[in-house]
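# Residue-level structural notes
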Amino acid sequence: MQINGNTLTLDDGRTIALPKYPTTSRVKVWRVPAEYRADGVFISITGPGLAAEDIPACNLADCAVIGELDYPADDGATLEAARAQRLELARASVEVARRLSLADTPVLEQQTWSTQLAEAQALAAWRATPEALPAEVAPLLTALAAARAQGETVFALADKVLAAASRHVAAAAPLVGAWQRIERQLRQADTLEALLAVDLRFPEPQA
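The rules behind the values
Residues numbered from 1 in each chain as written. Predicted model: local features only at pLDDT ≥ 70, side-chain atom pairs only at ≥ 80, totals over all residues. Heavy atoms only, no water. Pairing = 2+ DSSP bridges. Helix = DSSP H or I, 4+ residues; strand = E, 2+ residues; numbered from the N terminus. Axes fitted to C-alpha atoms, helices over the stretch in contact; angles between N-to-C directions. Core = buried A, V, L, I, M, F, W, Y, C linked by side-chain atoms within 4.5 Å. Buried < 20%, exposed > 50% of the residue type's maximum accessible area, 1.4 Å probe, protein only. Contact = heavy atoms within 4.5 Å.

It is worth spelling out the sheet that holds strand E1 (residues 2-4) at this point. Judged by pairing direction, the sheet is antiparallel, and its 3 strands sit side by side in the order E1-E2-E3 without closing on themselves. Each edge of the open sheet is held by one strand with a lone partner, namely E1 and strand E3 (15-17). When strand polarity is set aside, the average angle formed by the axes of neighbouring strands in this sheet is 25°. As paired strands, E1 and strand E2 (residues 7-9) are joined by 3 bridges and run antiparallel to one another. The residue bridging Gln2 from the neighbouring strand is Thr9, located in E2.

Here's what the structure looks like:
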């Protein structure tokens, strides 16, 4: 009985395709009754990250272990497992960088940004006739302008919102670009060495 690649060859010449794993494991081969398994064979594979050892779900008195073999890690599976881990680490890193860039802004305020921007953009159509501005066009910005108590018009506040949105996009661009570069390099890496060589560092948040 032997294993070549992911193929187990039994002593009688029959072959069984084994699943591919990223870590070295142990294959145990059982002889079982034909009424339990038509081919009379039950395979159990154990190793790091795998489920606990499986045993035939039939009368064990009618079964026998006919062999055990080490099953080497599959290079392709190892590469894909490492790729998934590195991608997850990169996603977590860019999320940390994103949060740091917003650390000085309360979450409550961040949650209004999309509405602020939409209203600021909608106000452009009413700049020539501010006296005709319908109340429903910018209710949030109108309320914010009043609550800020800085004597600014809703149009002046809209200008500040648009400028802030532009600054936010400019600050996010290096992070987004770095993530796209890192993701591309990780997905294109065809060896473990190339995968581990990808720099996962992100630029520091801009002031």
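Let's pick the thread back up.
So, on to the nonpolar core. Of all hydrophobic cores here, the largest spans 16 residues; its most connected members are Ala90, Trp179, Ile182, Leu186, Leu195, Leu200 and Phe202. Contributions of two or more residues to this core are made by helix H1 (75-101) and helix H5 (154-188). The element that contributes the greatest number of residues to this core is H1, accounting for 6 residues. What Ala90 contacts, discounting residues up to four positions off in sequence, is Trp179, Ile182, Leu186, Leu200 and Phe202. In terms of nonpolar packing, the next biggest core, distinct from the first, is built from 11 residues, Leu123, Ala138, Phe155 and Ala158 among them.

Let us now look at the sheet that holds strand E5 (residues 41-46). On the basis of which strands lie adjacent, the open sheet formed by 3 strands has the order E5-E4-E6 and antiparallel pairing. Across the chains shown, the open sheet's two edge strands, defined by having one partner strand only, are E5 and strand E6 (64-71). Strand after strand, the sheet turns through a mean of 20° between neighbouring axes, direction not considered. Sheet analysis places strand E4 (residues 25-31) next to E5, joined by 6 bridges and oriented antiparallel. Bridge pairing links Val29 to Ile43 in E5.

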